[in-house]
Amino acid sequence: MIALDQHPSGRHFLQIPGPSPVPDRILRAMSLPTIDHRGPEFGVLGLKVLSGIRQVFRTRHPVVIYPASGTGAWEAALANVLSPGDAVLMYETGHFASLWQKMALRLGLKPEFLALPGTDALTGLPNSWRHGVQADLIEQRLRADGGHQIKAVCVVHNETSTGVTSDIAAVRRAIDAAKHPALLLVDTISGLASADYRHDDWGVDVTVSGSQKGLMLPPGISFNAVSPKAIEASKKATLPKAFWAWDEIIEMNKTGYWPYTPNTNLLYGLSEALDMLLDQGLESVFARHHRWGEAVRGAVRAWGLPIQCADPAVYSPVLTGVITPEGVDADALRKLIHQRFDLSLGTGLGRVKGRMFRIGHLGDCNDLTLMAALSGVEMGLKLSGIVTAGSGVQAAMDFFASHPQSPALQAAA
Ligand SMILES: *Cc1c(COP(=O)(O)O)cnc(C)c1O
């Protein structure tokens, strides 16, 4: 945001892939007075959000809610089901997969980091940071593990550092084809409530998510959706766990309470977000994210810049990574756009720092707010001489004009 004493008029454009803009309706719900977390009203709220969030994960089993960022829920997933020295098979899709792998190391696990080898000839970037999870590589590795040393397979569903949404059902099939008993742990911190996700149908054992992306809430709460197999594993697993331990939380959640003080005002926000998402229907939510993704990618193509995700089958409906030409500092471009137009874009993370920027198209968006964001990007690209011809804004307008949102979706929104 511009320095606080400058009071820019209008709204800041928070176009990063999380935190995403929080709708006024949710901000208002969160401004209600904090209540006694042991009192009768709280139990009603607790039961409501615990039941609603299960619908969003598409699970009939418990979802644990932590007053923590997504990183806390990553740790909870590992600490509940694994023991010191356990081998875990993790898959490198980008920066967030790399951070989860580092965390596994710090917890005393033995992560093996599988990746698509090589670098991309056009951009010089690692192939694994432009593609989704290759389920066949996971299947091969599990088949070679005849002694079943590998206790868990960990993958990121929507890799927020690259704009790639991996096929989780294919990972499940790979584990089953190898007849391997490893648990399946999935990070969909940025995918939940934007991209199709099915905890039960895809046979996921622990799904990790967070509040500040598709759920349209501020940062501060995060989730573990857990399968019966994960709960069984948690009874025998010996990594130290206390605050993160599922058992007492799940027990107290049966009546809508927590063993400690939960994040009451964020739960008011969650209750409102669940009303919005479930009233609209998850299918419409996914359809509008898909449509925004198409419009933004059309703009990027018109600018003549490569889309970070090199495989159209796994384009993310949540964000688009845009690669800048060799020698152009993507962060300098972001800075210019921020200063001139009060628009925040996502930075390149880890191995792609300075080589790309990210446009978030998730949560509380609509066609016109997205058009405004694309205008800001296009002005920045032209001011810095990165793009001289071609209008991404025109391409996106053409796309929106020729692909109206279906009337059913409009009515619901
Ligand atoms: C945002 C994000 C995280 C980290 O969550 P925090 O809330 O910042 O701790 C992890 N994984 C993915 C895929 C994310 O998008």
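Note that the coordinates shown come from a computational prediction; the quantities given were computed from them, not determined experimentally.

(A) Structural detail: the pairing of strand S5 (residues 150-156). With respect to burial, S5 is a largely interior element, six of its seven residues being buried. Sheet topology note: the strand S3 (residues 87-91)/S5 ladder contains four bridges and is parallel. By the bridge assignment, Met90 is partnered in S5 with Cys154. Sheet topology places S5 next to strand S8 (residues 183-187); five bridges connect them, and they run parallel.

(B) Region of interest: the nonpolar core. Counting 64 residues, the largest nonpolar core has Tyr66, Leu185, Leu215 and Leu270 as the members making the most contacts within it. For this core, the element with the most residues is helix H9 (residues 264-280), which contributes eight residues. One finds Leu343, Met371, Leu381 and Phe399 within the second-largest nonpolar core, a separate group that totals 32 residues.

(C) View of the sheet that holds strand S9 (residues 206-210). Strand order in the open sheet formed by seven strands is S2-S10-S9-S8-S5-S3-S4, with mixed pairing between adjacent strands. Two strands close off the open sheet at either side, each with one partner strand: strand S2 (63-66) and strand S4 (110-114). Taken over all neighbouring pairs, the strand axes of this sheet differ in orientation by 20 degrees on average, direction set aside. Across the face of the sheet, helix H4 (residues 95-106) comes into contact with S3, S4, S5, S8 and S9 while running at roughly 160 degrees to S4.

(D) The layout of surface pockets, seen in detail. The calculated volume of the largest pocket comes to roughly 400 Å³. Contributing to the lining of the largest pocket are 18 residues, with Arg11, His12, Leu14, Pro21 and Asp364 lying nearest its centre. Among the elements that make up the lining of the largest pocket, the one with the highest residue count is strand S1 (residues 13-15) (three residues). Looking at side-chain class alone, the lining of the largest pocket contains 10 nonpolar, five polar and three charged residues.

(E) Region of interest: the packing of helix H12 (residues 367-383) against helix H13 (residues 392-402). Put simply, H12 and H13 touch, their axes get as near as 9 Å, and they point 165 degrees apart. Considering their axes alone, H12 and H13 lie roughly antiparallel with respect to each other. In this structure, H12 crosses over H13, and the sense of that crossing is right-handed. Here Asp367, Leu370, Met371, Leu374, Ser375 and Glu378 of H12 lie close against H13, whose contacting residues are Gly392, Val393, Ala396, Met397 and Phe400. A breakdown of the residues in the contact of H12 with H13 according to their chemical character gives seven nonpolar, two polar and two charged.

(F) Quick peek at the site of the ligand. Near the ligand there are 13 residues, and of these Ser69, Thr71, Thr160, Asp187 and Lys213 occur at the shortest range. Taking Thr160, its side chain carries an N or O atom lying 2.4 Å from an oxygen atom of the ligand. The contact in question runs from an oxygen atom of the ligand to an N or O atom on the side chain of Gln212, over 2.8 Å. Protein contact buries 88% of the 380 Å² of open area that the ligand shows by itself. It is helix H3 (residues 70-81) that contributes the most residues to the shell around the ligand, three residues altogether. Of the residues in the shell around the ligand, the class split is four nonpolar, seven polar and two charged.

(G) Spotlight on the domain arrangement of the chain. According to the domain assignment, the chain contains domain 1 (13-21 + 282-412) and domain 2 (24-279). Here the C-alpha centre of domain 2 lies 26 Å away from the C-alpha centre of domain 1. Of the residues lining the interface, 35 residues belong to domain 1; the matching set on domain 2 comes to 35 residues. In total, domain 1 and domain 2 occlude about 2900 Å² of area from one another, counting both sides; carbon and sulfur atoms represent 61% of this. When the buried area of domain 1 at its contact with domain 2 is split by residue, Leu282, Phe286 and Arg351 rank highest and sum to 22% of it. The tally of links between domain 1 and domain 2 comes to three salt bridges. Glu283 is the salt-bridge partner of Arg198, the closest N and O atoms lying 3.8 Å from each other. Joining domain 1 to domain 2, the criterion identifies 15 residue pairs in polar contact (both at pLDDT 80 or more). Mapped by element, the contributors of at least two residues to the side of domain 1 that touches domain 2 are helix H10 (282-303), strand S11 (319-323) and strand S13 (356-360). Along the lines of polarity and charge, the residues of the side of domain 1 that touches domain 2 split into 20 nonpolar, eight polar and seven charged.

What counts, and at which threshold
Residues numbered from 1 in each chain as written. Predicted model: local features only at pLDDT ≥ 70, side-chain atom pairs only at ≥ 80, totals over all residues. Heavy atoms only, no water. Buried < 20%, exposed > 50% of the residue type's maximum accessible area, 1.4 Å probe, protein only. Helix = DSSP H or I, 4+ residues; strand = E, 2+ residues; numbered from the N terminus. Pairing = 2+ DSSP bridges. Core = buried A, V, L, I, M, F, W, Y, C linked by side-chain atoms within 4.5 Å. Axes fitted to C-alpha atoms, helices over the stretch in contact; angles between N-to-C directions. Contact = heavy atoms within 4.5 Å. 1 Å grid on protein atoms, 1.4 Å probe; cavity = no way out; pocket = protein on both sides within 12 Å on 5 of 7 lines; lining within 4 Å. Points joined across faces, edges and corners; volume = space filled by probe spheres on them. Nonpolar A, V, L, I, M, F, W, Y, C, P; charged D, E, K, R; others polar. Parallel < 35°, antiparallel > 145°, perpendicular 65-115°, else oblique. Left-handed = near helix turned anticlockwise from the far one by under 90°. Near = heavy atom within 4 Å. Polar contact = N/O pair within 3.5 Å; in protein donor to acceptor, adjacent residues only side chain to side chain. Areas by Shrake-Rupley, 256 points an atom, 1.4 Å probe, with all protein chains shown as cover. Domains from an automatic or database assignment. Buried area = accessible area lost by both parts, 1.4 Å probe. Salt bridge = Lys/Arg side-chain N within 4 Å of Asp/Glu carboxyl O.

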